[in-house]
Amino acid sequence: MSESMVSKTTAGATATTGKTTTETMVQDRILFVYEITNFGGGERVYLSLSKFMHAQGIPHRIVSYYQGIRLQDYADWPVKVEILSPKRNPLNKAWTLKKYLARQQALGVEKPLLVGLQSVMHAATFGSKDYALLILDTPSLLTTNQVQRSALSRLAAPLRSLLFERLTRRGVHQASPVIIPTDVMADEVDSLYGLRPDDA
């Protein structure tokens, strides 16, 4: 992960010193990741962000719906994690995220960083605003396996795709800044959602 991307995604975060444990928790910068299932490229990016923020004295947490691994076990610095554990239903997940972001905003937490288009789609579902977005994968890099789907599910797929596209477009336009690793990926996001991210 480039230093410029790290700097952009943590822009606006400030170091907090001399505060009690409770106050520090309240001021943690939020890095929201949809789900962590194993340790791969995305998880290395999350930890790169965490390491940079730790070095800068910026308190933060990595928050997700679920975590299949202990992300902190892959770091040699303190990593705070928070697992929201909603019911495994898209609307439940989106509502849980809405309430969580609203609660953090009420506590005075700085603008959260959402990672991934699925995260921002859920944020848009119930109208969350005032967040930054880091896109690591564009739709062309994601594949959908329909082999195991029922006939009814396959028929409903176009409607789901349309809904996903509209919610994602709304969510992307609510984010500031929107950061993406490459110029080619930025071109794709611009063509799909009508907004060109800052590439690192």
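In this text the structure is predicted, and so the values were computed from the model without any measurement.

**Quick notes on the environment of Tyr 46**
Point 1. Tracing the sequence through the fold places Tyr 46 in helix α3 (residues 41-55).
Point 2. Classification of Tyr 46 by relative accessible area gives buried; the value is 9%.
Point 3. Expressed as a C-alpha distance, the spacing of Tyr 46 and Ile 62, which sit 16 residues apart in the sequence, is 7.8 Å.
Point 4. Leave out the neighbours within four places in its chain, and Tyr 46 touches Leu 31, Val 33, Ile 36, Ile 62, Val 115 and Leu 136.

**Some points on the sheet that holds strand β5 (residues 131-134)**
Backbone-to-backbone hydrogen bonds pair the strands of a sheet. The strands run either parallel or antiparallel.
Point 1. Ordered by their spatial adjacency, seven strands build an open sheet running β3-β2-β1-β4-β5-β6-β7, and the pairing between neighbours is parallel. In the strand order of this sheet, the two ends are held by β3 (81-83) and β7 (198-199), each with one partner.
Point 2. When strand β6 (residues 175-180) meets β7, the two strands line up parallel, connected through two bridges. Residue pairing for β7: Ile 179 is matched across the bridge by Asp 198.
Point 3. The sheet strands contacting helix α5 (residues 117-125) are β1 (29-36), β2 (60-67), β4 (113-115) and β5, and the helix crosses β1 at an angle near 110 degrees.

**A closer look at the environment of Phe 32**
Point 1. As for its position among the elements, Phe 32 is in strand β1.
Point 2. Phe 32 gets classed as buried once you look at its relative accessible area, which sits at 0%.
Point 3. The spatial distance from the C-alpha of Phe 32 to the C-alpha of Gly 116 is 9.0 Å, given a sequence separation of 84 residues.

**Overview of α5**
Point 1. Buried residues dominate α5, accounting for seven of its nine residues.
Point 2. Burial in α5 covers these residues: Leu 117, Ser 119, Val 120, Met 121, His 122, Ala 123 and Ala 124.
Point 3. One or two positions beyond α5, positive phi appears at Gly 127, with a value near 80 degrees.

**Focus: the confidence of the model for the chain**
Point 1. Residue-level pLDDT values for the chain average 85, and 80% of them are 70 or greater.
Point 2. Contacts from residues 13-26, a stretch scored under 50 in pLDDT, to residues over four places away or in other chains number 20 contacts.

Calculation criteria
- Position numbers for residues count from 1 along each chain, tracking the sequence in the order it is written.
- Confidence filtering applies because this is a predicted model: local features only for residues at pLDDT of at least 70, side-chain atom pairs given and counted only at 80 or more, and all residues used for totals across whole chains, interfaces and linings.
- Water and hydrogen atoms play no part in the side-chain values, which are based on all heavy atoms of the structure.
- Helical segments are the DSSP runs of H or I of at least four residues, strand segments are the runs of E of at least two, and each set is numbered from the N terminus.
- Working definition: with a 1.4 Å probe on protein chains only, accessible area under 20% of the residue-type maximum means buried, over 50% means exposed, and in between means partly exposed.
- A contact between two residues is defined here by any heavy atoms of the two lying within 4.5 Å.
- By definition, two strands form a pair when at least two bridges between them are found by DSSP.
- For every element, the axis is a line fit to its C-alpha atoms; helices are fit only across the contacting stretch, and the angle between N-to-C directions ranges from 0 to 180 degrees.
- On a scale of 0 to 100, pLDDT captures the predictor's confidence in every residue.

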